[in-house]
Amino acid sequence: MRLLILIAVLLSGCSTTAVPVVMKFPDAPPSLMTSASDLNKLPKDKKIELSDIIQTTNDNAAKYYELKIKYEAWQEWYKEQKSIADQLK
Amino acid sequence: MWYLELAYSFIPDSYIELATYAIVAIGITLYILSKLVSWIPFIKSYKLPLELVGVILYGVGAFYAGGYGVERIWRERVEQVQAKVKELEGKQAEVVVRIETKVVTKVKKVEVVKEIIKKEIVEKEKLINANCDVSPDAIEMFNKSVTNPELLQPVGEIK
């Protein structure tokens, strides 16, 4: 029995394993993590004039451009993070 | 094996390396001694045990030396990859900061332009609204157009 233990100890020299190295998943920019708001509607409880429609359209257009900026930023974030992650291969 | 990993973690690397080479050296020495003792009559009988122990020690030492060599190569590789990962994680963080700054700046510009137009509309309100009556249908259509399509009825059913 002692001989078996001795042999087991002696023959296990190569069995040590290396710890795998993992790169952490990149964070997203905080401003891209906010939810998108709905577009503005015209109020039903007051007399609507053309200026109200233009105002609301202006607000909605601003919301669209804000989302466009964020959408393009996500694409940029993905491309850049991918190219960084590919450097590890 | 876990006990070897545990032992490796407590014993300095240089000691382990030295021990493996020492076992190899002792093995070779014993083997050579076993060849020499055959000329000396009163210790001639130790020839076989010396030779046997020498070969076993040489084999075990060589095995450990090889195993430790592989382990050392792996450790160096892991250290290299860890350094690379650290560098790349720094780059990842830089990208996040750069994109965040870019987004905040651009959104701020959108807000500024929106406020400028808003002021202009207020200034020209009377001019815009002169001789223009907005029908309730137009308001309804407008609101429908800005409603999230997912919340609307299927297209075929919209009147």
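Residues numbered from 1 in each chain as written. Chains lettered and ligands numbered in written order. Predicted model: local features only at pLDDT ≥ 70, side-chain atom pairs only at ≥ 80, totals over all residues.

This part covers the interface of chain B and chain A. At the interface, 45 residues of chain B touch 45 residues of chain A. For the side of chain B that touches chain A, the secondary-structure elements that each account for two or more residues are α1 (2-10), α3 (47-123), α4 (125-129) and α5 (136-146) of chain B. In terms of residues, the side of chain B that touches chain A owes the most to one element, α3 of chain B, which gives 31 residues. A breakdown of the residues in the side of chain B that touches chain A according to their chemical character gives 27 nonpolar, 6 polar and 12 charged. (Contact = placed C-beta atoms within 7 Å. Helix = DSSP H or I, 4+ residues; strand = E, 2+ residues; numbered from the N terminus. Nonpolar A, V, L, I, M, F, W, Y, C, P; charged D, E, K, R; others polar.)

Bringing unusual backbone geometry into the picture now. The phi torsion at N131 of chain B lies on the positive side, around 55 degrees, for a residue other than glycine. In this fold, N131 of chain B is placed in the loop between α4 and α5.

So, about the packing of helix α2 (residues 13-36) of chain B against α3 of chain B. All names here are of chain B. In the contact formed by α2 and α3, the axes pass within 7 Å of each other and the chain directions differ by 155 degrees. Comparing the axis directions of α2 and α3 gives the class roughly antiparallel. Judged by the sense of rotation from one axis to the other, the crossing of α2 with α3 is left-handed. When grouped by side-chain class, the residues that make up the contact of α2 with α3 number 19 nonpolar, 5 polar and 3 charged. (Axes fitted to C-alpha atoms, helices over the stretch in contact; angles between N-to-C directions. Parallel < 35°, antiparallel > 145°, perpendicular 65-115°, else oblique. Left-handed = near helix turned anticlockwise from the far one by under 90°.)

Owing to its 3.6 residues per turn, the α-helix brings residues three or four apart onto one side. In a regular helix each residue adds 1.5 Å, so 77 residues correspond to 114 Å; α3 of chain B covers 113 Å between its end C-alpha atoms and thus fits that length. Those residues of α3 of chain B lying buried are L50, G54, L57, G61, Y64, Y68, E71, V95, I99 and V103 of chain B. Buried residues along α3 of chain B sit in contact with α2 (50-86) of chain A together with α2 of chain B. (Expected span 1.5 Å × (residues − 1). Buried ≥ 20, exposed ≤ 12 C-beta atoms within 10 Å, placed from the backbone.)

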